[in-house]
Amino acid sequence: MTHESFPSGRLRKAPENFLTPDGVRAVVDEARQGRRDFVRHAFAAALAGGSAAAAAQAGPAGDPAILTLPEHSRGLGQAVATEGYGKPSRYEANVQRRPSPGLTQTAQASVSFAPLQSLFGIVTPSGLHFERHHQGWWDIDPSRHRLMINGSDDTLLNKPLVFTMDELMRLPSVSRFHFIECGANTGMEWGNVAVPTCQYTHGMLSCSEFTGVPLRVLFDLCGVDYKRARYVLAEGADGSSMTRTVPMELVESGEVFVAYGQNGEMLRPEQGYPLRLVVPGVQGVSWVKYLRRLEVGDQPYGTKDETVHYVDLMPGGLHRQYTSTQECKSVITTPSGGQLLLDRGYYQISGLAWSGRGKVKRVDVTTDGGRNWRTARLQDPVMSKCLTRFTLDWQWHGKPAILQSRAMDETGYVQPGTRQLRAVRGTRSIYHNNAIQSWLVEESGEVRNVQLS
Ligand SMILES: Nc1nc2c(c(=O)[nH]1)N[C@H]1C(S)=C(S)[C@@H](COP(=O)(O)O)O[C@H]1N2
Ligand SMILES: [Mo]
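Note that residues are indexed from 1 along each chain, following the sequence as it is written. A letter from A marks each chain and a number from 1 marks each ligand, given out in the order of writing. Thresholds applied to this predicted model are a pLDDT of at least 70 for local features of residues and 80 or more for the giving and counting of side-chain atom pairs; totals over whole chains, interfaces and linings are not thresholded and use all residues. With hydrogens and water set aside, each side-chain value is computed from the structure's full complement of heavy atoms.

**Quick notes on the site of ligand 1**
Piece 1. Surveying the vicinity of ligand 1 reveals 22 residues, the closest of which are F130, H134, D238, K289 and Y310.
Piece 2. One of the side-chain N or O atoms of R276 is found 2.8 Å from an oxygen atom in ligand 1.
Piece 3. At 2.6 Å from an oxygen atom of ligand 1 is found a side-chain nitrogen or oxygen belonging to K289.
Piece 4. Burial of ligand 1 by the protein chains amounts to 100% of its free accessible area of 530 Å².
Piece 5. The pocket and cavity definitions rest on a 1 Å grid over protein atoms only: a 1.4 Å probe that fits but cannot leave marks a cavity, an open set with protein on both sides within 12 Å along at least five of seven lines marks a pocket, and residues lining either have an atom within 4 Å of a point. Pocket or cavity membership: a molecule qualifies when more than half of its atoms sit within 2 Å of the grid points of that site. Cavity membership is defined here by more than half of the atoms lying within 2 Å of grid points; on that basis ligand 1 lies in the largest cavity.
Piece 6. Numbering of helices and strands runs from the N terminus; a helix is a DSSP stretch of H or I covering at least four residues, while a strand is a stretch of E covering at least two. Considering each element in turn, the shell around ligand 1 owes the most residues, three residues, to strand β3 (residues 131-133).
Piece 7. Per-class residue counts for the shell around ligand 1 are nine nonpolar, seven polar and six charged. Working definition: residue near molecule or strand if any one of its non-hydrogen atoms lies within 4 Å of it. In the analysis that follows, any N or O atom pair within 3.5 Å is treated as a polar contact, provided that within protein one partner can donate a hydrogen and the other can accept it, and provided that, for residues neighboring in sequence, both atoms belong to side chains. Calculation of accessible area relied on Shrake-Rupley with a 1.4 Å probe; when residues are assessed, cover is drawn exclusively from the protein chains displayed. Three residue categories are used. Nonpolar comprises Ala, Val, Leu, Ile, Met, Phe, Trp, Tyr, Cys and Pro, charged comprises Asp, Glu, Lys and Arg, and polar comprises the others, including Gly.

**Let's talk about the domain arrangement of the chain**
Piece 1. Assigned domains within the chain: domain 1 (11-21 + 325-452) and domain 2 (132-320).
Piece 2. Residue ranges for the domains originate in an automatic or database domain assignment. Computed over C-alpha atoms, the centres of domain 1 and domain 2 are 30 Å apart.
Piece 3. Contacts are residue-level and defined by heavy atoms, with any inter-residue pair within 4.5 Å sufficient. Contacts between the two partners involve 34 residues from domain 1 and, on the opposite side, 35 residues from domain 2.
Piece 4. As a working definition, buried area equals the accessible area (1.4 Å probe) given up by two parts on being put together, with both sides summed. Both faces considered, domain 1 and domain 2 share a buried interface measuring about 3200 Å² in area, 56% of it formed by carbon and sulfur atoms.
Piece 5. The largest share of the area that domain 1 buries against domain 2 comes from Q326, K385 and Y431, three residues that together contribute 22% of it.
Piece 6. When a carboxyl oxygen of Asp or Glu is within 4 Å of a side-chain nitrogen of Lys or Arg, the pair counts as a salt bridge. Counting every contact that joins domain 1 to domain 2 gives three salt bridges.
Piece 7. Here K329 makes a salt bridge to E181, at a shortest N to O gap of 2.8 Å.

**Examining the UniProt feature "domain: Moybdenum cofactor oxidoreductase dimerisation" (unreviewed entry) in the chain**
Piece 1. UniProt positions are given in the numbering used here, feature names are shortened, and annotations may be inferred rather than shown by experiment. Per the UniProt entry, the sites bearing "domain: Moybdenum cofactor oxidoreductase dimerisation" (unreviewed entry) are residues 326-437 in this numbering.
Piece 2. The span residues 326-437 carries 7% helix and 40% strand; its end-to-end C-alpha distance comes to 16 Å.

**Quick notes on the UniProt feature "domain: Oxidoreductase molybdopterin-binding" (unreviewed entry) in the chain**
Piece 1. Under the feature "domain: Oxidoreductase molybdopterin-binding" (unreviewed entry), the UniProt entry names residues 139-301.
Piece 2. Split by type, residues 139-301 is 15% helix and 35% strand. Its first and last C-alpha atoms lie 28 Å apart.

**Concerning the packing of aromatic side chains**
Piece 1. Here is the rule: rings of Phe, Tyr and Trp (six-membered ring for Trp) pair when centre to centre is within 6.5 Å. Planes less than 30 degrees apart are stacked, more than 60 are edge-to-face, and the remainder are tilted. Within the structure shown, the criterion is met by five aromatic pairs.
Piece 2. Criterion for a charge above a ring: Lys NZ or Arg CZ within 6 Å of the ring centre, and within 35 degrees of the ring normal. Taking the ring centre of Y226 as reference, the NZ or CZ of R216 above it sits at 4.7 Å.
Piece 3. The ring of W373 has R406 lying over it, and the distance from NZ or CZ to the ring centre is 4.0 Å.

**Structural notes on unusual backbone geometry**
Piece 1. Residue P335 is bonded to the preceding T334 through a cis peptide linkage, with omega at -5°.
Piece 2. Relative to the assigned elements, P335 resides in the loop between β16 (329-334) and β17 (345-354).
Piece 3. The linkage connecting D380 with the following residue, P381, adopts the cis geometry, with an omega of -5°.
Piece 4. One can find P381 in the loop between β20 (377-378) and β21 (388-396).
Piece 5. Positive phi, close to 70°, is recorded for T186, a residue that is not glycine.
Piece 6. Mapped onto the elements of the fold, T186 is located in the loop between β6 (174-181) and α5 (198-202).
Piece 7. On the accessibility criterion, T186 (6% relative accessible area) is buried.
Piece 8. The phi torsion at Y290 lies on the positive side, around 50°, for a residue other than glycine.
Piece 9. By secondary structure assignment, the location of Y290 is in the loop between β12 (276-278) and β13 (291-297). Three labels apply to residues, based on accessible area from a 1.4 Å probe with only protein chains included: buried if under 20% of the type maximum, exposed if over 50%, partly exposed otherwise in between.

**Regarding the side chain of E295**
Piece 1. Among the structural elements, E295 can be located in strand β13.
Piece 2. A polar side-chain atom of E295 sits 3.3 Å from a polar atom in the side chain of N150.
Piece 3. Looking at E295, its side chain comes within polar contact range of the side chain of Y301, at 2.9 Å.
Piece 4. With sequence-adjacent residues up to four places away left out, E295 is seen in contact with N150, G151, S152, Y231, V232, L233 and Y301.

**Side note on the nonpolar core**
Piece 1. Ranked by size, the top nonpolar core spans 84 residues in total, and within it F219, V258 and L294 carry the most contacts.
Piece 2. Excluding anything up to four places from it in sequence, V258 contacts L147, T211, G212, V213, L215, L218, L275, R276, L277, L291 and L294. Among the buried residues, those of types Ala, Val, Leu, Ile, Met, Phe, Trp, Tyr and Cys that are joined through side-chain atoms within 4.5 Å form a nonpolar core.

Right under this line is the structure:
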């Protein structure tokens, strides 16, 4: 299977598989004795030991890599890094978020997709978190940033308050792992196959440990009248004046918080530094970045970002509004579109599942386009409104195969197939496409995005 950043992307058996017992002993002895004259001895042992296969299978210079003691095993390594903030290996330089050429007219009102096919586990490294901005991103001076909380009229709370970042960071905090998915994720695939890789089909999805103050703590300080103030308006400080209504039940449940932390450090500027709203299970647009104001009110606000945008166009021509929850969904990330299987034999199928309604309960995987399903292993931890990693053992016999995953959440909701979803939603929607994804593995080993009709 190809790894995003391997130069050749080729899966080869190591020539060392053909080493004789003498060759193996030479490597071990040399390690025990210190590394003087290693290369000479080890070669002599391997080649004199009759390992013709080793010689035949060796790399360009005829040397099995395990017998070629590289410079880094003999010399002095680099001094501690002079830059205090570490970077990935230069061999991982291809693991990048990527915009989709031509998708948007400007790079400020645009999106950059996370490379899901290259990630392990459930956490998205902060530098690879997808980006979605309506009016560009800013690196805001936290000492000048303020959060104001007020009511749509004065009777809905005792006292409006304005917080500095220092004041917010003194308050009781929580740290929780949650996924964030743009409502438009997979939105290009409504009518037909549109993009080749899971970076582009599903990469408006990321997962982090966020840290911040539960909104309820702040509202209690302001003396919010929860009986009457049933809605919250969240407003961002960037030029898009991003505004979204959040129902008060979500605040009362304790789940909504204002976050300053992401994976153990402060938020990245692209993610809303120094403060963003975290609304677990709800589509990304409600996670307002550069959060500057929260207003409590007694009715939904009907802002531009929830009446004109972020509505679901139904087959009859009507729009659905306020469909904010991200329903249960999953995707196989390896093998996935654009990758290449070179050898028959064992592969671990691996992917991500999530639900805006709670925990993922089960993921079934098929390798024959849905005729037979097997239940995948769920990797710990399985957390609510968080990505869950699933895996399944698979032997590829070199024949075409269609891989799909189907997730179920703890409410019993089952991820729909493409046809099933289209029967209800039509094909002209943008948002909330949570259909089962299909990857075709061709006889050549190439993996392609397909839809079963
Ligand atoms: N202030 C502000 N908040 C915003 C946006 C924005 O453009 N401005 N974009 C929203 C959308 S549509 C999404 S999907 C998420 C993206 O968050 P991310 O860029 O951290 O991935 O932020 C939301 N919050
Ligand atoms: Mo979004």
